[in-house]
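# Examining the three-dimensional arrangement
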Amino acid sequence: MSVHTGEQRGQDLWLRRYVLAGEPRPATLVCLPHAGGAPTFFRPWAEELAGSLDVVSVCYPGRQDRFGEPCVTSMPVLAEEVAAALLPLTDRPLALFGHSMGAALGYEVARLLRRAHGRDVAHLFVSGMVPPHLVPPGRRHLEGDEALLADILEQGGTDAALLAHEEFRAFLLPAIRGDYRLMETYEFSGPDRALAAPVTVYYGRQDKDVSAAAAGEWARHTSGPTEVVDFPGGHFYLQDVLGALTADVARRVPASGHGSRPAALSPR
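### Comments concerning unusual backbone geometry
The backbone of Ser100 shows a phi angle near 55°, a positive value even though the residue is not glycine. As for its placement among the helices and strands, Ser100 is situated in the loop between β4 (94-99) and α4 (101-117). Residue Arg193 is not a glycine yet carries a positive backbone phi of 55°. Here Arg193 shows up in the loop between α7 (166-184) and β6 (199-204).

Here it is in structure tokens:
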């Protein structure tokens, strides 16, 4: 009979690895999905980066095999849960990549790891998201299904294709609504320069919600260097520039330190 520690159970619950680790990788890249998103969104990333980084995706409650769990609609609660699951991975360089909601969550997780656990992430990658102090409040999570659908469909992405099928909507909308509530009630409070890690900001040039000026404001949140990189495309630009984007991420992640072989995680 196998016995799992609380640490292992937390990893199995929150983290997914789609390419099983062979030789130990020099660093880990943790990917945090967008609102309504699932960890499988980053499966192609794991395949692209298999030779250079150990890629782990976060699975939020309320989707995939966690469908029966209630969504977490509080940013502090979600950040605390994810940070606890990632803590065992901080024995070697750990970088975070978050897209849209995942970018705001990645920042809060990095800040929590530093403040509460004394662990600095090696690099924070934020994509398709304004910095925390510019996140606007909203009420769309209180509106009807059609308002949510319209917003998701306007942004595009793989979720939009699934939402075009009526049978999938009932499964996807609760998670989308929960994530919208999380972001639209998110209130940033904290000191400037809360991080020391380098921050790279990615955005699509046609993304109406993220301007070059707003992207540059991420520099306010770290004492480390900040660089802004733009790509052609809208909010989900990253689907069309996978190779170029993952290559850019890989070259920025510190390769020092080798740590131990990562524990096996369920691909699910």
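### Details of the sheet that holds strand β5 (residues 123-127)
The seven strands lie next to each other as β1-β3-β2-β4-β5-β6-β7, forming an open sheet whose pairing is mixed. Looking at strand neighbours, the two that pair on one side only are β1 (15-16) and β7 (226-231), the edges of this open sheet. As defined by bridge partners, β4 adjoins β5 across five bridges and the pair is classed as parallel. Among the inter-strand pairings, Gly98 is bridged to a residue of β5, identified as Val126. Along the sheet face, α4 touches β2 (28-32), β4 and β5 and points at about 150° away from the line of β4. Packed onto the sheet, helix α9 (residues 242-252) meets β2, β4, β5, β6 and β7 and runs at close to 170° relative to β6.

### Here we look at the packing of helix α3 (residues 75-86) against α4
Two numbers describe how α3 lies on α4: the axes approach to 9 Å, and their chain directions differ by 60°. Here α3 and α4 pass one another in a crossing that is right-handed. Two secondary-structure elements touch here, α3 through Met75, Leu78, Ala79, Glu80, Val82, Ala83 and Leu86 and α4 through Ala104, Leu105, Glu108, Val109, Leu112 and Leu113. Residues that form the contact of α3 with α4 fall into these classes: 11 nonpolar, no polar and two charged.

The rules behind each value
Every residue gets a number counted from 1 within its own chain, in the order that chain's sequence is written. The predicted origin of the model limits local features to residues at a pLDDT of at least 70 and limits the giving and counting of side-chain atom pairs to 80 or more, whereas totals for whole chains, interfaces and linings rest on all residues. Heavy atoms throughout the structure, all of them, feed into the side-chain values; hydrogens and water do not. The secondary structure listing takes helices from DSSP runs of H or I that are at least 4 residues long and strands from runs of E that are at least 2 residues long, numbered from the N terminus. Here the rule is simple: two strands pair whenever DSSP picks up at least two bridges between them. Residue contacts are defined here by distance: any two heavy atoms, one from each residue, within 4.5 Å place the two residues in contact. Only C-alpha atoms enter the line fits that serve as axes; for helices the fit covers just the stretch in contact. Angles between N-to-C directions range over 0 to 180 degrees. A crossing counts as left-handed when the near helix is turned anticlockwise from the far one by less than a right angle, and as right-handed when that turn is clockwise. Under this grouping Gly is polar, as are all residues other than the nonpolar Ala, Val, Leu, Ile, Met, Phe, Trp, Tyr, Cys and Pro and the charged Asp, Glu, Lys and Arg.

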